[in-house]
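The primary structure of each chain is shown beneath.
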Amino acid sequence: MYDPSQLRTFLSVAQTLSFTQAARRLGLRQSTVSQHVRRLEDATGRPLFTRDTHSVELTEDGEAMLGFARRILEVHEQATAFFTGTRLRGRLRFGASEDFVLTRLPEILESFRHDHPEVDLELTVELSGTLHERLAAGKLDLVLAKRRPQDRRGELVWHDRLVWIGAERLRLDPGRPVPLIVYPPPGITRALALEALQRQGREWRVACTSGSLNGLIAAARAGLGVMAHSRGLVPPGLVRVPDRAGLPELGRVDFVLITGERRTLAQDAADALAAAILAGGDRLHTAVRTAAADR
């Protein structure tokens, strides 16, 4: 009933919320992307997106289709691999940024390990800037991280907006420097936060530095200051800083998949993991609830 190519197109549009970006990702014409979505909507008998000249949003039925599409494609790929006899092997060095520590990325990796048991998957969790450096040095095969400003490399997983977050009870004194909770250099969100404050002419001080997302979250929950973070990945126990605090806009950020420029023996495995992440990209927007947040 549901064509896998149409489901892949649907997932790409759902993850990027852009027919243009989905067309670029899939190497299709925008008219073909629109046609795939229209045919899938005809097959379901339901509208999956609401769209106008400025925005694309999932409908309630579109949200439901996300899970179905992902599972259908996973089973389709498993069946294809089984009957074609393709078995991936080798060592795959995968780097993921700290942003994904509290998401459902582990579920995607677990599924990949189940489907490809002969691939030795080595996971590195680091700052986005550090992962870019390790990839360029040939120390990683595939990276899932924030894209540096003005960098156009990589396959878009999704766009997001950076926002200021902190403890709900936190109050900023407009007459004092902004207390910042930041990653150490070369953290991308750190650089964007400092640049935004400097453009505004706002004084700031570093209240906490940590290379661990859990460390930053602990400091923010303790009310030590504010941090720049992806709007779609706000950790439990923290909230957006209200506009009345007068903090500057931080702009948008892209999360991308990038493979190394050197062709390695792990390339087929890297391509397969990249496809799995793109197919399950909606799960990366879902934060895992922690025990502390549930209490």
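The shown structure was predicted, so the numbers you read here are calculated from the model rather than taken from an experiment.

Rules used in this analysis
- Residues numbered from 1 in each chain as written.
- Predicted model: local features only at pLDDT ≥ 70, side-chain atom pairs only at ≥ 80, totals over all residues.
- Heavy atoms only, no water.
- Helix = DSSP H or I, 4+ residues; strand = E, 2+ residues; numbered from the N terminus.
- Rg over C-alpha atoms; globule rule 2.2 N^0.38 Å.
- Contact = heavy atoms within 4.5 Å.
- Areas by Shrake-Rupley, 256 points an atom, 1.4 Å probe, with all protein chains shown as cover.
- Lys, Arg positive; Asp, Glu negative; His and termini not counted.
- Charge placed at Lys NZ, Arg CZ, Asp CG, Glu CD.
- Core = buried A, V, L, I, M, F, W, Y, C linked by side-chain atoms within 4.5 Å.
- Buried < 20%, exposed > 50% of the residue type's maximum accessible area, 1.4 Å probe, protein only.
- Patch = residues over 30% accessible without salt bridge, like charges linked within 9 Å, V, L, I, M, F, W, Y side chains within 5 Å.
- Salt bridge = Lys/Arg side-chain N within 4 Å of Asp/Glu carboxyl O.

Caption draft 1: Representation of the overall build of the protein. Scanning the protein from terminus to terminus reveals ten helices and eleven strands. Its C-alpha atoms give the protein a radius of gyration of 20 Å, within 12% of the compact-globule value 19 Å for 295 residues. Over its C-alpha atoms, taken along the principal directions, the protein stretches across nearly 65 × 45 × 40 Å. Considering only intrachain contacts with a sequence separation of at least 6, the fraction spanning at least 24 residues in the protein is 77%. Working note: accessible area of the protein is about 15,100 Å², and carbon and sulfur atoms make up 49% of it. Side chains of the protein carry 41 positive and 36 negative charges; the gap between the two charge centres is 3 Å.

Caption draft 2: Region of interest: the side chain of Ser12. On the secondary structure map, Ser12 appears in helix α1 (residues 4–16). The residues contacting Ser12, other than those within four sequence positions of it, are Ala22, Arg25 and Leu26.

Caption draft 3: Layout of the nonpolar core. Ranked by internal contacts, the top residues of the largest apolar core, which has 43 residues, are Phe94, Leu105, Leu144, Trp164 and Leu284. Contributions of two or more residues to this core are made by β3 (90–97), α5 (105–115), β5 (142–146), β6 (155–166), β7 (178–182), α7 (188–200), β11 (252–259) and α9 (267–279). With sequence-adjacent residues up to four places away left out, Phe94 is seen in contact with Leu105, Leu109, Leu121, Glu122, Leu123, Thr124, Leu140, Leu142, Val143, Leu144, Leu273 and Ile277. The next biggest cluster of nonpolar side chains, apart from the first, holds 20 residues, and it includes Phe10, Ala23, Met65 and Leu66.

Caption draft 4: Geometry of a nonpolar patch on the surface. On the surface, Val101, Leu123 and Val125 cluster together into a nonpolar patch covering about 210 Å² of accessible area. Within the secondary structure, Val125 sits in strand β4 (residues 119–126).

Caption draft 5: Representation of unusual backbone geometry. Each neighbour pair has its own omega, and for Pro185 with Pro186 the value is 10°, a cis peptide bond. Note that Pro186 resides in the loop between β7 and α7. In the Ramachandran plot, Leu17 falls in the positive-phi region, its phi being about 50° despite a non-glycine side chain. If you trace the backbone, Leu17 turns up in the loop between α1 and α2 (19–26). Leu17 gets classed as partly exposed once you look at its relative accessible area, which sits at 35%.

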